[in-house]
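Letter by letter, the chains look like this.
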Amino acid sequence: MDYSVLKHSHAGLAYLTVLLFAGRFMLFYFAPVWRRNKLLKVLPHVLDTLLLVFAIMLCIRIAQYPLTEAWLTAKVIGLLLYIGFGAAAIKRASRSAFFIALLSYAYVLGVAKTHSVVSWISYF
Ligand code: HEM
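Rules of the game
Residues numbered from 1 in each chain as written. Predicted model: local features only at pLDDT ≥ 70, side-chain atom pairs only at ≥ 80, totals over all residues. Heavy atoms only, no water. Helix = DSSP H or I, 4+ residues; strand = E, 2+ residues; numbered from the N terminus. Buried < 20%, exposed > 50% of the residue type's maximum accessible area, 1.4 Å probe, protein only. Axes fitted to C-alpha atoms, helices over the stretch in contact; angles between N-to-C directions. Parallel < 35°, antiparallel > 145°, perpendicular 65-115°, else oblique. Left-handed = near helix turned anticlockwise from the far one by under 90°. Contact = heavy atoms within 4.5 Å. Nonpolar A, V, L, I, M, F, W, Y, C, P; charged D, E, K, R; others polar. Expected span 1.5 Å × (residues − 1).

Draft legend 1. View of the overall build of the protein chain. Within the protein chain one finds 4 helices and 0 strands. In the protein chain, the succession of α and β elements from N to C terminus is α-α-α-α. Each of the three principal axes of the protein chain carries a C-alpha extent, and together these read 45 × 35 × 20 Å. Residue burial in the protein chain is summarised as follows: out of 124 residues, 32% are buried.

Right, here's the structure in full:
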């Protein structure tokens, strides 16, 4: 598969996952009856799995890996925080967990754009 197709699929999934997360959080917060919806339960796992599969394929293509490249280690840690706080936010309808999940996501996005562990700060 062409590298730019891989990268844009990974990035596209990254944008979809956060839109879906924010949408689900607000929907469940204001209309909890939607919590029982099967599609909304399964879809995030499908998107997140694909996001990770494309991430691994990208690492292999550029021969750079977490634990040896600091910016990729930072992405994995940020992704774990996003998933952990995201799951807690949805489960407990917790607004603070929701904001921490969004902050973790913004951090990872900055790391993706700058290839730096200091994320968006490296633009200043
Ligand atoms: C919430 C999680 C993630 C988000 C939001 C995200 C976002 C992005 C975005 C937007 C890009 C394209 C950057 C550009 O415009 O050039 C990208 C590229 C990339 N991502 Fe991720 N990513 C995430 C997780 C991961 C993880 C866990 C890994 C690997 C362990 C990873 C590895 C890569 C690699 C290798 C590239 C290509 C870098 C390049 O060619 O410059 N990503 N990511």
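Draft legend 2. Here's a closer look at the packing of helix 3 (residues 70-92) against helix 4 (residues 95-114). In the contact formed by helix 3 and helix 4, the axes pass within 8 Å of each other and the chain directions differ by 160°. Comparing their axes, helix 4 and helix 3 come out roughly antiparallel. At the point where helix 3 passes helix 4, the crossing takes the left-handed sense. Along its contact with helix 3, which presents Trp71, Ala74, Lys75, Gly78, Leu79, Leu81, Tyr82, Phe85, Gly86, Ala88 and Ala89, the element helix 4 presents Ala97, Phe98, Ile100, Ala101, Ser104, Tyr105, Tyr107, Val108, Val111 and Ala112. The residue inventory of the contact of helix 3 with helix 4, partitioned by class, reads 17 nonpolar, 3 polar and 1 charged.

Draft legend 3. Examining helix 1 (residues 3-30) more closely. Counted at 1.5 Å a residue, the expected span for helix 1 with its 28 residues is 40 Å, and the 41 Å between its end C-alpha atoms agrees. Among the residues making up helix 1, those that are buried are Leu6, His10, Leu13, Ala14, Thr17, Val18, Leu20, Phe21, Ala22, Arg24, Phe25 and Phe28. At its buried positions, helix 1 is contacted by helix 2 (38-62), helix 3 and helix 4.

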